Amino acid sequence: MRTASDVILRLTSDPARCGLVMDFDGVLAPIVDDPSASALLPGAEDVLATLAEHLGVVGLLSGRPVSFLRERLSLNSVVLMGSYGVETWTDDGIHVLPAVAAFSDAVAEAEAELRRLFDSPAVPGIHVESKGLAVAVHWRRAADRAVAQRLVEAATTEIASRTGLRREPGKLVEELRPPVEEDKGTGLLRAIAAAGVDVVAYAGDDRGDLPAFAAVLASGGEALVVKGDDIAPEVAAVDGVQFDGPQAFLDWMKELAAQLER
């Protein structure tokens, strides 16, 4: 069984040909009830800056909009990929894959309908989140999560059928996003190709990370699973090194940074 130390040894053997890509929520930032309040753990930005000085690529690959990532991390040395990798922060602005941009009207229609249904005191604890190229509905704050889940699943199923958007489940959340064959796996492979690196480790914590885990393992890289209290069984079963939450993962990154600086 591989260990966290094994991955450090591999990434420090030829740093310029290696990389580290990771999710944001649940990996670098603890999961919080209010998605807009999500923030990097103290010290994470400094560690990312150090890693980016030595590795061939350091990147964030999140389901959040890339503008959200940029607001929380302004390091130009870290690659920022949002909306599951279909948008990237560049010097010239945000680049969006054309096939995804074509569904912007459908996403806007879905968000408007979800807000009509759930932005009301009649359904407390259900929160609609605009994600730019997608829309999410959270029920983490609902008093009765089982009832909230049934309401959200029924609504997103109907809206997906009507708009052509794709339903994607997560931790106490449902997303509607464009039905294109793009996910964190294809986004990760683009990042690897653009950086021209040989070995990459990917860190994630949720179902949306499964395609990235599959892609990184298929490419000969390393899967880093950051566990939370409500980790999905299929994520816990990923063949990779496991960490007990974001703080444990940050501690590992600090050790990696220290080894790279020696």
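The structure under discussion appears in the preceding block.
Residues numbered from 1 in each chain as written. Predicted model: local features only at pLDDT ≥ 70, side-chain atom pairs only at ≥ 80, totals over all residues. Heavy atoms only, no water.

Undergrad: For this particular structure, what's the right way to read the side chain of R177?
TA: By the element assignment, R177 lies in strand β9 (residues 173-177). Ignoring sequence-local partners within four residues, the contact set of R177 consists of Y84, L133, A134, L165, R166 and E168. (Helix = DSSP H or I, 4+ residues; strand = E, 2+ residues; numbered from the N terminus. Contact = heavy atoms within 4.5 Å.)

Undergrad: Got a minute to help me understand empty space enclosed by the protein in this structure?
TA: In this approach the atoms are scanned with a rolling probe the size of a water molecule, which exposes any empty space left behind. Enumeration according to the criterion identifies two cavities of 30 Å³ or more in this entry. Each pocket or cavity is described by its volume, and for the largest cavity that value is around 470 Å³. Along the wall of the largest cavity there are 30 residues; nearest its centre are D25, I31, H138, V173 and D206. Mapped onto the lining of the largest cavity, the elements with two or more residues apiece are β7 (135-138), β8 (166-170) and β9. Of the residues contributing to the lining of the largest cavity, the split by class is nine nonpolar, six polar and 15 charged. A volume near 90 Å³ is recorded for the second largest cavity. What lines the second largest cavity is simply G63, S83, Y84, V86, V100, K131, L133, A134, R177, P178, V180 and E182. Here the residues of the lining of the second largest cavity are counted per class, giving seven nonpolar, two polar and three charged. (1 Å grid on protein atoms, 1.4 Å probe; cavity = no way out; pocket = protein on both sides within 12 Å on 5 of 7 lines; lining within 4 Å. Points joined across faces, edges and corners; volume = space filled by probe spheres on them. Nonpolar A, V, L, I, M, F, W, Y, C, P; charged D, E, K, R; others polar.)

Undergrad: Can you help me understand the pairing of strand β10 (residues 199-204) in this one?
TA: Every other side chain in a regular strand lies on the same face of the sheet, so the side chains alternate between the two faces. Taken across its six residues, β10 has six buried, putting it largely inside the fold. Of the two faces of β10, both are covered, the one formed by V199, A201 and A203 as well as the one formed by V200, Y202 and G204. Across five bridges, the pairing between strand β1 (residues 18-22) and β10 is parallel. When the sheet's bridge partners are listed, V21 is paired in β10 with Y202. Examined bridge by bridge, β10 and strand β11 (residues 222-226) share four bridges and lie parallel to one another. Opposite Y202, over in β11, you have A223 as the bridge partner. Note that the unit made of β10, helix α8 (residues 210-218) and β11 has a crossover that is right-handed. (Buried < 20%, exposed > 50% of the residue type's maximum accessible area, 1.4 Å probe, protein only. Pairing = 2+ DSSP bridges. Right-handed = clockwise from strand over helix to strand, strands pointing away.)

Undergrad: Can you help me understand the packing of helix α1 (residues 4-13) against helix α10 (residues 246-261) in this one?
TA: To describe two helices that pack against each other, one gives the angle between their axes and the distance between the axes. The geometry of α1 relative to α10 is characterised by a closest axis approach of 10 Å and an angle of 35° between their N-to-C directions. Once α1 is placed against α10, the crossing between them reads as right-handed. Facing A4, V7, I8, L11 and T12 of α1, the residues of α10 in contact are W252, E255, L256, Q259 and L260. Along the lines of polarity and charge, the residues of the contact of α1 with α10 split into seven nonpolar, two polar and one charged. (Axes fitted to C-alpha atoms, helices over the stretch in contact; angles between N-to-C directions. Left-handed = near helix turned anticlockwise from the far one by under 90°.)

Undergrad: Please explain the pattern of salt bridges as it appears in this structure.
TA: Oppositely charged side chains can form a pair if their charged atoms are brought close together. This model, assessed by the stated rule, comprises 23 salt bridges. Note that E113 is salt-bridged to R116, the shortest N-O span being 2.7 Å. One end of the pair, E113, and the other, R116, are both in helix α5 (residues 104-118), three residues apart, so they sit about a helical turn from each other. For E113, a relative accessible area of 18% gives the class buried. With its nearest N and O atoms 3.0 Å apart, the salt bridge here joins D119 to R115. Owing to a relative accessible area of 29%, R115 belongs among the partly exposed residues under this scheme. The structure contains a network of salt bridges with shared partners spanning K131, E168, E175 and R177. (Salt bridge = Lys/Arg side-chain N within 4 Å of Asp/Glu carboxyl O.)

Undergrad: I would appreciate a short explanation of the sheet that holds β8 in the present structure.
TA: Adjacent strands of a sheet pair through backbone hydrogen bonds, lying either parallel or antiparallel. Strand order in the open sheet made by the four strands is β6-β7-β9-β8, with antiparallel pairing throughout. Of all strands in the sheet, those bounded by a partner on one side alone are β6 (127-130) and β8. For this sheet, the mean inter-axis angle between neighbouring strands, taken without regard to orientation, is 20°. In this sheet, β7 lies alongside β6 in antiparallel orientation, the contact comprising four bridges. Bridge pairing in β7 places S130 opposite V135. Lying over the sheet, α5 contacts β6, β7 and β9, oriented at roughly 160° with respect to β6. Across the sheet, helix α6 (residues 145-163) is in contact with β7, β8 and β9; its angle to β9 comes to roughly 10°.

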